[in-house]
Structures are given as C-alpha cells and as structure tokens.
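# Coordinates in review
Residue strings, one per chain:
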Amino acid sequence: MEYQILLQQIFNGISLGGVYALEAVGFGIIFNILKFSNFSHSGVVAITAYLGFFISKYVYTNFLVTLTITTLAGGFIGVMIEKLIFRPIRLKGAPLTLFLVNSITAAMLVQQFFAATLGDDYYPYPVFMKQTSINLGTLTISKTYTLMLIISGLILLLLTLVLKRTKIGIALRAASTDVRTPSLMGVNIDFVISVAFFIAGVLGGITGYLLGMTYSVDPFIGSMILKGIIAAIIGGMGSLGGGVIAGLLLGVAESLLIAEIGSSLTQIAIYSGIFVLLLIRPEGIGGKRYLIKA
Amino acid sequence: MEFYIKVLEITCLHTILVLGAYLMTGLTGLFSLGQGGFVSIGAYTAAIAFLHFNVPFPIAILMAVLMGSVVGFLIGIPTLRLHRDYFLLVTFGFGEMVRAALLHLAQLTGGALGIAGIPKQVDLPMIHVSILFITILIYNLKRSRFGRNCIAIRDDELAASLMGINVYSHKMKVFILGSAITSYGGALYAFLIMFIEPNLFNWLESAKLIIITFVGGVNSIIGAIIASVVYYSFGEFFRFVDVWRDVLLALAVLFVTIFRPGGIFGSWELSLKNLLPWRVKKI
Amino acid sequence: MEVLKAITISKNFGGVSAVDQFAMVQQENEITGIIGPNGAGKTTVFNLITGVYPVDTGEIWFCGKNITRLSSHRITDLGITRTFQNIRLFRNLNVLDNLRVAYGIKTHYTMWEEMVRGSRAKREEQETEELARSYLAYFGLDQYVDTFPYNLPYGLQRRLELARALMASPKLLLLDEPAAGLNPKEIHQLIKTLLKIKEEKNLSIIIVEHHMELVMNICQTLHVLNFGKKIAEGEPKDIQQNKAVLQAYLGDEG
C-alpha cells in the first residue's frame, strides 16, 4: 500500500479506535463494579444518537453545545436505566445471569422501540462545518475524524484524573475490587453505582453523538458498540487501560484490513484472532485471572 | 385456514430453536449469542446438499445436524473454559463469523443473494413430531443425572466439580446437543420458508431465544415452550406491528425478572404428577 | 494405612504466602483437626487437597496415588469429599436432588441411555434415589424432600451439606468449619453424628474449625497453622498447653 494511503488509514483507524476505546471504557466501568456485561449501554448510545440529531437539527446547531447537552443527557439516561432496570433486581440479590438478561432486554427494547417509531427514515446529522477535511501536506484528513480523536482523548484524560484524584473516583476503584468497600469508606454504595452509570452514560452519550455524526442514525446504531465490547474483552475485562489500548489497536487493525481484504474477510479475521487470543490467554491482555474463593 | 397453518408452522419451528436454547442457556447457564450461526449452518448445509449435490432430503437434514454438531464441538473447545461473559461475546463473534463467511463464499452460498427455490418439504406434522421428540429427549435428560448436573453447573460450578462432575466435559455435551438441535431447526427452516440468506438469524434473534427461555422460567421446559408459542404466534398474527411485539416482549421480560424472577412458570413442569394430583406416585 | 499425605505443599497468592511448606499425614479411621487464627491458610489447605488451586510446590498423595495435579472432579471420584465454610448447596435443586447430584459419579449409564430411559439408567436412577432417601432419613430431613435448600433453617442446611458429602462413599471427608453458626445443642448433635459416621462408614475426617469444644472433643490429632506455616502438631491436650499456639491466638502476652 502506498505510504500516504497507509498513513491515512492509520489515522482513520486511530480515531475510530478512539471511539472503540470510549465504548470499551463505558462498558468496562460497569463490568468492574457489578461484574456483568452491560448491554444496555447500546441503548444509551442509540438514544443519545437520536437525541443529538434532533437537537442539532431542530433546536440549536452548534457542535460543542449539542455535544455537551447530549453527553449530559447520556449520563442522565444511564442513571435512569440503573434505577429502573438494575436496582430492583440488585436489591433482591439477583444472580448475575439476571443482570445480563435485563441488560440484553433493555438493549432490545431501545432498538425495537426506535425501529417501531423512527425506523423508516434516514437521519443524517446536519453539517457542522463548511469544510469537511483539512489538508496536511499530501494527506487529506477528515475533520470529523480529527474531532473524534481529540474528544476521545480529552474525555479519557479527564476520566483518568477523576478516577485517580477525586474521592468518588477512588470509591469507584475500590468498588471494583469489592462492591462493599465504599460503604467502609463512608460512601453510600448506591451513590457509587449511580455515579458509575452516570459516567458510563456520559461516555455513551459522546459515543452516540460521534457515531451519529459519522454514520448517521438508524435503530441499529446501538449495535456498533459491539466493537467496543470486543475491545473490552481483548483488553481484558477489569482493565480499563487494556480496553483503551485494545480499542485503538482494533481500530487501526480494522482500518488497515478493510482497505486490503474487504469487509467480510476482515470480520472473519478479527473474530478468528480473538478466538486464538482467548485460547492462549483467556483473561485478555490486561485482565487478571480471577480466583474463585471456596 | 392456510394462514393459521403458516402461523403454526413458523411458531413451532421457532419453538425447536427455543428448546435448543433452553437446554444450553436455561438449564446449563451457557449464554450463547451465536445460535444464529448454527441456524444458518443447518439451513445452508441442508439446502446446498439437496440442491447442488442432489442428496435426498432426509440425508440432507442428517448432514445438517452432523455439521452443526461438529462445528459445535470445534467452537466448544476453546470457548467452554471461558468466563461466562467472554463466552457470550465469543459466541456472538462466532455468529458474525458465520454470517461473514456465508457472504464471502458466494460461489457456494449465493453470497448476499442467498439461496432461493428451495422446495417445501417440511410441513406441520413433521414439525410437531420433531418438537415432541426433542421435548421428550430433553425432559428425560432433565429429570435424571444429566439435568441435575446441568443445574448444578449453572448454580455453582466450583461445588459441581467438587461433587465429581466433569464440568468441561458436561458443558461440551450440552453445547454439542444444543447446537445439533439448533442446526436441525435451521435445516427444517430452509425447507419451510424456501429462501435463505446470510442475515437469516442475527444476534438479536439469538438473544430473543434466551430471553424467551427466561420468561418461561429456566427450570421449566413447558414454560419455555409456552412462552415461545405465545411470542411467535403473536408476532405472526400481528405482523404489521411486528416491531412493537419485541417492545412488548422486552417489557414482559423486565416485568418477570423484577417481580417473578423464577419465570412465569417457575419450576412447574408438565408431568403426570402435576396433572393428576390424586394419583400420588413417588417422584 | 496412610490415607492422605501432604508433602510440604505451598501456595502463594500474588506475593502473599497463604500456605507455607505444610505437611501432614492422615491415617485411616482417624479424625484430625486443622486450627489456627483467621487467615492462617486453613481453607487454602483444603482447596489445595481438593484441586481447587494448584500447589506451587510439594505433593499430595491419597491412598498411595499422587493426586497433586489432578482436577477436582477426579479427586472426588477417588474418594475425597468436602463441605464448605460458606454453605454451597445448589439453590435450584431441591433437597433430594442436591443429594442425588453427589452420587452421579458412581453411576455408569451413558447420556444416550438417559435420553431413552434405558433399563440400566432406570435401575441406577432408582439406586440413586433410594440412597438419597436413606440419607435424608438418617439425618432427619425426610419431611423436606421437596424443599429448596435455602428455605431450610441454617442448622438443617449444614446437615444437608454433610449428607451430600457422604453420598459418594468417600474415604476421606474434609469439613470446613462445620460448627460455624450452630447453637450448642446442634454442636453436641454434630459431635455425636461425626463419631457415629466415622465408625459406621469407616471414614477418615479432617476438620478445619474455630470451635474449640468440637475439636478438643473429637480430634485425635491437631495441626496448628499461623500465617500459612504449621507451628504445632500433636494431641489436643498437648496443644492446649503449647506456648507457640497460645501466642498465635492471644498475641504476645509475655
């Protein structure tokens, strides 16, 4: 492949990977604390994608403003999902399988709801800027992709600061080890869980907006986070850093492969790769082999 | 009248698939989102064998089941040792891989255009007999050592292994059997709806099989069957509000998991004992 | 006959030595106790013997066979069963089924025979049921046949767990804190029961326990662990006087 095209593909891959990284972290935060795969995340992404569209088209077309509103809405939706769908069964001491079932059901609920109400139309985001690409020497870099990259990077940085420096961040990390620890710190565990879902929701909101902006919105937009979930597995559930790295790698690998061998073979290649990886290292790149206590 | 027969055919066929999911996910706790892959494998194997290689219908179905079992075994080797959530996602990956492979091998499979012109060889009696047969099989397994081992593994893998159960080997048996049943259903499906394409049974449909099992109650085969019949027949009757039935299903599931976590039927099983309370026979 | 021999087994978790060069020998028809302060590594020893964790160093021999690298279900099949510190009954199987599950390894019929209810399958199922019911009667649980374990009172759950551990006719029984949560009357009952089953079933038993009355009363030998290392071994009356043991439990009192 030509040098320029290669570089371009890598850049695209990194920005796509940035979104995957966001998805992986949004997914991973809930997995770390509550120990289940939160598929309802796809619901948050879908709702915010639609929301972002309607707001930016009909209310106020300004990129940063609508992004912020959507993101906060995402956080709010995340908290609502926790309150309505997960808290009732958590308080009853439900086994993890039930959380899984509920999360898949919530994802289906959102997707089919949109399919039923808004399914038939095609919703492209309004154009935010006059010029859609920047010319950097011989490279043509898409502005959209650049934005995606910058935003992903900033948010992940912000999140790292929150997790390492704030009290609630420490409580979140403590909860990952054992969900009862925050109460030992004098922090209400329900609050910690709500915060976790808020953060995941915020990440979901950004993801929804960015995906909607890049691909336009349809009821199945939620399913796009499956790549992010894959990144979370490869990176190792339990390791947010691993998820980020895996997300970036996945984005680049996908970008390069699609250019070379086409879309369907890429899918096969990626999934085969995951099979092999999990065969050799079942806990993923950064994950820990979890020990069962007898 | 024909319409009702069609509805019944589709409903009962999906019930076969639900039974496969019941065995794997309901009884044993193996959450596989890749069952769509086996439906496709069964459907395509049977269709291709029949149409391209002129294999007689019964043999084509048999080949489909064998193919499904073998693939199940191969997929099971690396995946059955994984943590439940990883298993879920890897099986999803498998489903997607099958879809991608079907698209890619267009020479054999017709690619995105699929395979059309499959003659209708499957009718209602055949499906009913299949359901009866499979149900009896699963019922017999459930009430003896096999079923107890499934539930033990689902409840507490560690304790199960310490009771002498070879967890990995047992899961493999369940997975192969479940895949065989699902492939069988897929093969019948091809000869029922007469046209198949790679998007035949995506991950959402696979997820629905799992969800229906939970609504019916994971400890009740009859619960799974009834839930399946209700859901799929409802969907056929109300085709024009097709997508709303999924919304309703989702709401029903949430209602059940929150208020009646055992499922609607709990552990109630249709058996002589339950139907004839005065003929008290030891369990 | 030597039933169990642990040769300097060690287990390390991420830098923390949970079990450090532990060794013991258990004879047939013997009741032994492993005691020590909380966190001393007692349950880890059980986990190592039953194959839940692999040993880092050392070997474990059972009735002349090296079981060090065997998987848990093989070890159970050979004749070691156990109960757990936190009761681990199967919540979705009723009381009778919890017992029947434990007998599965003793049955020989195949999956295919099960599917068609072949005669061997039916016969062995019958056998399983009869044995399970006899144990229920033995432990006074027959009225609870249809109940689910977590609906039982705690004391009865413990009994059920013990019954379950006996189903497969083990040669060696490992009990992890069997007296935890029991009231004095129940503990006396437990002591009587353990002595009875030891004689009747020709069992060898190892008990991890905190409850001193239980261990002092029925154990012939005690091993004392502290921070993963064995600090004393001997008869209960000697252990009671042992300085090192007292220090471990009570701290430096001078």
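None of the values given here were measured: they were computed from a predicted structure. (Residues numbered from 1 in each chain as written. Chains lettered and ligands numbered in written order. Predicted model: local features only at pLDDT ≥ 70, side-chain atom pairs only at ≥ 80, totals over all residues.)

Our next topic: the interface of chain B and chain C. Of the residues lining the interface, 22 residues belong to chain B; the matching set on chain C comes to 26 residues. Contributing elements (two or more residues each) for the side of chain B that touches chain C: α6 (124-142), α7 (145-155) and α8 (157-162) of chain B. A per-element tally of the side of chain B that touches chain C places α7 of chain B first, with seven residues. Tallied by class, residues from the side of chain B that touches chain C come to ten nonpolar, seven polar and five charged. (Contact = placed C-beta atoms within 7 Å. Helix = DSSP H or I, 4+ residues; strand = E, 2+ residues; numbered from the N terminus. Nonpolar A, V, L, I, M, F, W, Y, C, P; charged D, E, K, R; others polar.)

Another aspect to go through is the packing of helix α2 (residues 35-53) of chain B against helix α3 (residues 57-79) of chain B. Residue and element names in this part refer to chain B. The N-to-C vectors of α2 and α3 enclose an angle of 145 degrees; their axes lie 8 Å apart at closest approach. In the packing of α2 onto α3, the handedness of the crossing is right-handed. Contacts between α2 and α3 involve F38, I41, G42, T45, A46, A49 and F50 from the former and F57, A60, I61, M63, A64, M67, G68, V71 and G72 from the latter. Per-class residue counts for the contact of α2 with α3 are twelve nonpolar, four polar and no charged. (Axes fitted to C-alpha atoms, helices over the stretch in contact; angles between N-to-C directions. Left-handed = near helix turned anticlockwise from the far one by under 90°.)

Residue and element names in this part refer to chain B. Taking 1.5 Å of rise per residue, the 14 residues of helix α10 (residues 203-216) would be expected to cover 20 Å, and the 20 Å separating its terminal C-alpha atoms lies within 8% of that figure. With twelve of its 14 residues buried, α10 lies for the most part within the structure. For α10, the complete set of buried residues consists of W203, S206, A207, K208, L209, I210, I211, I212, T213, F214, V215 and G216. Positioned one or two residues after α10, G217 has a phi angle of 115 degrees, which is positive. (Expected span 1.5 Å × (residues − 1). Buried ≥ 20, exposed ≤ 12 C-beta atoms within 10 Å, placed from the backbone.)

To continue, consider the interface of chain B and chain A. Each side of the interface is counted separately: chain B has 32 residues, and chain A has 36 residues. Contributing elements (two or more residues each) for the side of chain B that touches chain A: α4 (84-104), α10 and α12 (242-259) of chain B. Broken down by element, the residue count for the side of chain B that touches chain A peaks at twelve residues, all from α4 of chain B. Looking at the side of chain B that touches chain A residue by residue, the class counts come to 24 nonpolar, four polar and four charged.

So, on to the pairing of strand β1 (residues 2-13) of chain C. All names here are of chain C. Pairing analysis gives eight bridges linking β1 to strand β2 (residues 16-27), with the strands arranged antiparallel. Its bridge partner being in β2, K5 is matched across the sheet by V25. Connecting the antiparallel pair β1 and β2 is a turn made up of two residues, with G14 showing a positive phi of about 50 degrees. Sheet analysis places β1 next to strand β4 (residues 57-62), joined by five bridges and oriented antiparallel. (Pairing = 2+ DSSP bridges.)

Another aspect to go through is the pairing of strand β10 (residues 229-234) of chain C. With five bridges connecting them, strand β9 (residues 221-226) of chain C and β10 of chain C associate as antiparallel partners. Its bridge partner being in β10 of chain C, H223 of chain C is matched across the sheet by E233 of chain C.

Among the nonpolar cores identified, the biggest contains 247 residues, and A196 of chain A together with A43, A46, A47 and I211 of chain B are the most heavily contacted of them. Beyond its immediate stretch of four places on either side in the chain, A46 of chain B contacts A60, I61, M63, A64, A187, A190 and F191 of chain B. (Core = buried A, V, L, I, M, F, W, Y, C linked by C-beta atoms within 7 Å.)

Another aspect to go through is the sheet that holds strand β5 (residues 65-66) of chain C. Residue and element names in this part refer to chain C. Pairing in this open sheet of four strands is antiparallel, and the strands run β2-β1-β4-β5 from one edge to the other. Pairing within the sheet leaves two strands with one partner each, and these edge strands are β2 and β5. Sitting on the sheet, helix α1 (residues 42-49) is in contact with β1, β2 and β4, with an inclination near 65 degrees to β2.

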